[in-house]
Amino acid sequence: MTAREMQEAVEIELKQADKDYELKYKLESREIFYYLSRYERDFVQEVYDSGIDKSEANKKKLGKLLVASEITGANIAASTFYPYSYEVTTPVDLLYVVNERAAITTSDGTITNIMVKPISYDEYNVNKNNPFRKPTENKCLRLEGIDVHLILVPSNTVTLTKISIDYVKNPLGINIEQDCELHENTHYNIVKGAVKLILA
């Protein structure tokens, strides 16, 4: 459905739910688009919370919101926040990280692609002296829960050179100039969700 078709579907659903719709609500287009956009964001959250990898259907629902990106160069800088850490500038439209890999270079010039494991601050603080829970040459750590994307590497002989990230981007919202970015088979769910928000 186009954005206009979704708006019309909301109006039809509202009329079916309440015969006095036009007297009670008198919603302008921008208000309907607000509710469509709000539920679109809620729907993305629901899919993410239920597990993107749970089924192929969940990946399909997110449509154009699943994006892959590589971060290199000036977007990766040594940080003084934590020992052997790097601050990474992520894409501005990043909503949720789905998968993350790092390329590290050791002092002898060897380049290795390794996994990045997200951890909480509590987990970091409890395990910072545990040699089995620290970053290794097979695994970097990423501290979750802050605005800064902080990657921890095993030592000062390792340089973080690239981050490859698969992520869910923020939806642009639905308006007369922007159609829903989710897969078309989700559009009616978005319409029904927007109607529930309006009637609540």
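Residues numbered from 1 in each chain as written. Predicted model: local features only at pLDDT ≥ 70, side-chain atom pairs only at ≥ 80, totals over all residues. Heavy atoms only, no water.

Participant: Outline the overall build of the chain, supporting the account with residue identities and numerical values.
Facilitator: Looking only at helices and strands, the chain has six helices and eight strands in total. Put simply, the chain runs from its N terminus to its C terminus through helices and strands in the order α-α-α-α-β-β-β-β-β-α-β-β-β-α. Relative to its length of 200 residues, the chain is extended, with a C-alpha radius of gyration of 22 Å against a globular reference of 16 Å. Considering only C-alpha atoms, the chain reaches an extent of 70 × 30 × 30 Å along its principal axes. Within the span of the chain, comprising 200 residues, buried residues form 39% of the whole. Looking at the chain alone, contacts between residues at least 24 apart form 69% of all its contacts between residues at least 6 apart. Side-chain charges in the chain split into 24 positive and 30 negative, and the spacing between the mean points of these groups amounts to 4 Å. (Helix = DSSP H or I, 4+ residues; strand = E, 2+ residues; numbered from the N terminus. Rg over C-alpha atoms; globule rule 2.2 N^0.38 Å. Buried < 20%, exposed > 50% of the residue type's maximum accessible area, 1.4 Å probe, protein only. Contact = heavy atoms within 4.5 Å. Lys, Arg positive; Asp, Glu negative; His and termini not counted. Charge placed at Lys NZ, Arg CZ, Asp CG, Glu CD.)

Participant: Talk me through the side chain of K139; I want residue IDs and the actual numbers.
Facilitator: Inspection of the secondary structure puts K139 in strand β6 (residues 139-143). No salt bridge is formed by the buried K139; the nearest opposite charge belongs to E123, separated by 7.9 Å. For K139, the contacting residues outside a window of four places in its chain are I114, M115, K117, F132 and K134. (Salt bridge = Lys/Arg side-chain N within 4 Å of Asp/Glu carboxyl O.)

Participant: I'd love a proper account of the nonpolar core, names of residues and values included.
Facilitator: In terms of nonpolar packing, the biggest core is built from 27 residues, with V10, L36, V44, V168, I174, L182 and I190 touching the most fellow members. Going through the elements one at a time, α1 (3-17), α3 (29-50), β4 (94-106) and α6 (187-199) are the ones with two or more residues in this core. Aside from chain neighbours lying at most four places away, what touches V168 is V44, I52, L62, L65, L66, D93, L94, L95, Y96 and V98. Y86, V153, V158 and I165 belong to the second largest nonpolar core, which has 17 residues in total. (Core = buried A, V, L, I, M, F, W, Y, C linked by side-chain atoms within 4.5 Å.)

Participant: I'd like a rundown of unusual backbone geometry, residues and numbers included.
Facilitator: At Y84, a position not held by glycine, the phi torsion is positive, near 55 degrees. Locating Y84 in the fold gives a position in the loop between β2 (76-79) and β3 (85-88). Assessed through its relative accessible area of 42%, Y84 is described here as partly exposed.

Participant: I'd like to hear about the packing of α3 against α6, residue by residue, with values.
Facilitator: The geometry of α3 relative to α6 is characterised by a closest axis approach of 8 Å and an angle of 115 degrees between their N-to-C directions. Taken together, α3 and α6 sit at an angle that is classed as roughly perpendicular. For α3 against α6, the interelement crossing comes out right-handed. Touching Y35, L36, R38, Y39, E40, D42 and F43 of α3 are N189, I190, V191, G193, A194, L197 and I198, all from α6. Among the residues forming the contact of α3 with α6, the class breakdown is nine nonpolar, two polar and three charged. (Axes fitted to C-alpha atoms, helices over the stretch in contact; angles between N-to-C directions. Parallel < 35°, antiparallel > 145°, perpendicular 65-115°, else oblique. Left-handed = near helix turned anticlockwise from the far one by under 90°. Nonpolar A, V, L, I, M, F, W, Y, C, P; charged D, E, K, R; others polar.)

Participant: So what about the packing of aromatic side chains? Which residues, and what values?
Facilitator: Across all of its chains, the model carries five aromatic pairs by this definition. Note on Y34 and Y35: the rings are 5.1 Å apart at their centroids and 75 degrees apart in plane angle, and the pair reads as edge-to-face. Accessibility expressed as a relative area gives 47% for Y34, which makes it partly exposed. Relative to Y121, the ring of Y82 has its centre 6.2 Å away and its plane inclined at 40 degrees; by these criteria the two rings are tilted. One end of the pair, Y82, is in the loop between β2 and β3; the other, Y121, is in helix α5 (residues 121-127), with 39 residues separating them in the sequence. Taking the relative accessible area as the measure of exposure, Y121 reaches 22% and is therefore partly exposed. Ring pairs connect the aromatic residues Y82, Y121 and Y124, which therefore count as one cluster. (Phe/Tyr/Trp six-rings, centres within 6.5 Å; stacked < 30°, edge-to-face > 60°.)

Participant: So what's going on with the pattern of salt bridges? Residues and values would help.
Facilitator: Tallied over the full model, the rule gives nine salt bridges. For the salt bridge of D166 with R101, the shortest nitrogen-to-oxygen distance reads 3.2 Å. Linking D166 in strand β8 (residues 158-169) with R101 in strand β4, this pair joins segments that are 65 residues apart in sequence. Overall, the relative accessible area of 31% leaves R101 in the partly exposed class. The network of salt bridges with common partners includes E100, R142 and E144.

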